[in-house]
Amino acid sequence: MTRHPTLRTTLLAAAAPLLFSTAALAGEVEVLHWWTSGGEAKAAAALKSTMQAKGHSWKDFAVAGGGGDAAMTVLKSRVVSGNAPAAAQIKGPSLQEWAAEGVLANIDGVAKAGGWDTLLPKVVSDVMKYKGNYIAVPVNVHRVNWLWANPEALKKAGAKVPTNWDEFFVAAEALKKAGLVPVAHGGQNWQDFTTFESVALGVGGAEFYTKALVMRDPATLGSATMEKVLATFKRVKDYTDKNASGRDWNLATAMVIRGEAGMQLMGDWAKGEFLAAGKVPGKDFVCAAAPGTAKAFTFNIDSFAMFKVKGDDKVKAQNDLAAAIMSPEFQELFNLNKGSIPARLSMKMDKFDDCAKLSSKDFVDTAKGGGLVPSIAHGMAVPSAVEGAMKDVVSQFWNDPKMSAKDAMTRLVSAAKVK
Ligand code: GAL
């Protein structure tokens, strides 16, 4: 198994002291993100123009690569060399890991002035704080457990949008017979795990998902339900094409957009791609909860952590960035492009499409009903080293025809304990 160093070991390995560059322009804000696909770039542009409208200069620090693995590697090396950006797209428990290193800024001043505690759902604000102080600001809530489909392709195959896994394989078989790629997939470990966690949620339910993947209970990881989840997951692979390996997620979405493929299991950043291509939801493409997950919601919250910066102008620019991100205008504009819904509560949704409206309703309903679960694939639930180890196992299982579900279960139990 590949070893996944913890953030602490990476930072300690570098002898360089954590000095921050003061050489950059006054009022400049450098922002690290990985939003480089069509829809993502439009959303990132909304952030840039918001900052420029406030008179600050924007230094774009984009590191391509879906899921952000490459961006995180670059960020670590920038921080250890004493040259952290003002803000970086960091999410979930990783925020706590970074804060524990003492490199993040306390932005309580901005948060108090903006009343963030009352504007954010607790499930969101808790993640943005370290020891009770805000160190990050959320831009959105993505739903991960979606199925995207091309209605023309389904029609051609005589298939309907599946609501459970049995129906999914019926539709997939029909699409295959019609000469189409049933499932557009990109074989990268975070994409494999995105599919895997939707299967786990659909086959096992929210309680199973939480026990097995979030709490990492060895008995649940080794249960008959997990065996069924793994078998179902592996069956999905039969309906992907042979060029899937290494493919970027947005290229997989493009296959659905063009009608070469029928379906894709992906979070709603995929909707940003459909929209950027001028496609209309409900007409040119369909969004539906991933099979068997209509009453559940896997959340993935994008947020920006603020690094300690020196110089009044830089601090001011950083505070303005944090405040701007939480403004209703920004939350609306950004999320209309990104495919997600605003992180801020009580936003008007009238400009949003039906997929976003459904997401918004389901987010609230599942928070009450118990189906709201964090995404493991997208860094919401487990320490980064554990996440990496679990992703390795799932991708090895996906790619190795000889690995049995039982083998994968044993390996998952070990991966879940990685320190
Ligand atoms: C997720 C991220 C999304 C989207 C996606 C693909 O992890 O939260 O905002 O960018 O990766 O790059």
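For the structure itself, look to the data block above.
Residues numbered from 1 in each chain as written. Predicted model: local features only at pLDDT ≥ 70, side-chain atom pairs only at ≥ 80, totals over all residues. Heavy atoms only, no water.

Here we look at the side chain of lysine 91
The topology assignment puts lysine 91 in the loop between strand 3 (87-89) and helix 4 (93-100). At 2.9 Å, the side chain of lysine 91 and the side chain of asparagine 300 are in polar contact. Aside from chain neighbours lying at most four places away, what touches lysine 91 is Trp34, Asn300, Ile301, Asp302, Ser303, His378, Gly379 and Met380. (Helix = DSSP H or I, 4+ residues; strand = E, 2+ residues; numbered from the N terminus. Polar contact = N/O pair within 3.5 Å; in protein donor to acceptor, adjacent residues only side chain to side chain. Contact = heavy atoms within 4.5 Å.)

With respect to the pattern of salt bridges
Inspection of every chain in the model, using the stated rule, returns 16 salt bridges. The partner of glutamate 30 in a salt bridge is arginine 78, with the nearest N and O atoms 2.8 Å apart. Remark: arginine 78 occurs in helix 3 (residues 69-80) and glutamate 30 occurs in strand 1 (residues 28-33); sequence separation between them is 48 residues. Look at arginine 78 and you get buried, because its relative accessible area is 16%. (Salt bridge = Lys/Arg side-chain N within 4 Å of Asp/Glu carboxyl O. Buried < 20%, exposed > 50% of the residue type's maximum accessible area, 1.4 Å probe, protein only.)

Brief notes about the sheet that holds strand 6 (residues 136-138)
Here five strands make up an open sheet; going across it, the order is 2-1-3-13-6 and the pairing mixed. Of all the strands in the sheet, just strand 2 (57-62) and strand 6 have a single pairing partner and so form its edges. If you compare each strand with its neighbour and ignore which way they point, the axes differ by 20° on average. Bridge count between strand 3 and strand 13 (residues 303-306): three bridges; the pairing is antiparallel. Looking across to strand 13, one finds that glutamine 89 is bridged to phenylalanine 304. (Pairing = 2+ DSSP bridges. Axes fitted to C-alpha atoms, helices over the stretch in contact; angles between N-to-C directions.)

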